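Spelled out, the chains give:
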Amino acid sequence: MASTPNRTEAPQKPAKSGLGNSLATGGQFEGKFRFVGPVIVGGQVRGDVETDDMVLIEVSGSIEGRIRAATVIVHGTARGDVEASKSLEVCTGGRLEGSAFAPSMRVEERTFVSADILIAPERSVAHINRAASVPDLSNVAPLAPARADVPAASADSARTAAG
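Since this is a predicted model, take the numbers as computed values, not measurements.

**With respect to the overall build of the chain**
Broken down by element type, the chain carries two helices and ten strands. Written out in order from the N terminus, the α and β elements of the chain read β-β-β-β-β-β-β-β-β-β-α-α. The proportion of buried residues among the 163 residues of the chain is 31%. By sequence separation, contacts in the chain at least 24 residues apart represent 6% of the contacts at least 6 residues apart. Surface exposure of the chain reaches about 11000 Å², of which carbon and sulfur atoms provide 54%.

**Topic: the confidence of the model for the chain**
With 69% of its residues at a pLDDT of 70 or more, the chain shows a mean pLDDT of 80. Throughout residues 10–15 the model reports pLDDT below 50, and contacts reaching past four residues in sequence, or to other chains, amount to zero contacts. This stretch, residues 154–162, has a pLDDT under 50; its non-local contacts, to residues over four places away or in other chains, come to zero contacts.

**Digging into the packing of aromatic side chains**
Tallying each qualifying case throughout the model produces two aromatic pairs. Their ring planes at 90° and their centres at 6.5 Å tell us that F29 and F33 sit as a pair that is edge-to-face. Residue classification places F29 among the partly exposed positions, given a relative accessible area of 24%. Between F33 and F35 the ring centres are 6.5 Å apart and the planes differ by 10°, which places this aromatic pair in the stacked class. Like F33, the residue F35 is buried in the burial classification. Through pairs of rings, three or more aromatic residues link up here, namely F29, F33 and F35. In this structure, R95 is placed above the aromatic ring of F112, and the distance from its NZ or CZ to the ring centre is 4.0 Å.

**A word on the nonpolar core**
With 22 residues, the main nonpolar core has V55, I63, I67, V72, V82 and L88 as its most contacted residues. With near-sequence residues (within four places) excluded, V82 lies in contact with I67, R68, V72, L88, L96, S99, A100 and F101.

**Considering the pattern of salt bridges**
Scanning the model with the defined rule gives eleven salt bridges in all. As a salt-bridge pair, D81 and R68 come within 2.9 Å of each other at their nearest N and O atoms. Of the two residues, D81 is situated in strand β7 (residues 77–90) and R68 in strand β6 (residues 62–74); the sequence distance between them amounts to 13 residues. The exposure class of D81 is buried, given its relative accessible area of 9%. What makes R68 partly exposed here is its relative accessible area of 23%. A single network of salt bridges, built from pairs that share partners, joins R46, E64, R79, R95 and E97.

About the cut-offs
Residues numbered from 1 in each chain as written. Predicted model: local features only at pLDDT ≥ 70, side-chain atom pairs only at ≥ 80, totals over all residues. Heavy atoms only, no water. Helix = DSSP H or I, 4+ residues; strand = E, 2+ residues; numbered from the N terminus. Buried < 20%, exposed > 50% of the residue type's maximum accessible area, 1.4 Å probe, protein only. Contact = heavy atoms within 4.5 Å. Areas by Shrake-Rupley, 256 points an atom, 1.4 Å probe, with all protein chains shown as cover. pLDDT = per-residue confidence, 0-100. Phe/Tyr/Trp six-rings, centres within 6.5 Å; stacked < 30°, edge-to-face > 60°. Lys NZ or Arg CZ within 6 Å of the ring centre and 35° of its normal. Core = buried A, V, L, I, M, F, W, Y, C linked by side-chain atoms within 4.5 Å. Salt bridge = Lys/Arg side-chain N within 4 Å of Asp/Glu carboxyl O.

So this is what it looks like as structure tokens:
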């Protein structure tokens, strides 16, 4: 009869709290949110989001406020002050507006980035102060695109109007 050698099994690691957090698609959240572990945002968040891990903003998701995380990955919209202690990625179709800091950044093609960006090992006091002074433009309507059916003013009509 064959015997099995004695094995000492490795002790199981206790489950880490916060193995995953989700603010689901279709949800609307307002306030200050602090998490342990990664966060997936599919809904609309107006407020601050902070975690010791990753924030992933899905295509359907948006965060308007401060974001603090080790890693921030944007497929949807991040509007406000974004601080990533390790890396920041804006993926195809993603939007980043406001102020952003990370030691490492990656921006894919077909993205929209309109931000005061600092890529450095540490965030400077000047960058923090500029981020604090960014005005809230969330209530400002975007400019209407030029209408194609209105003829452009000619140089002659501009001179006539000028007198």
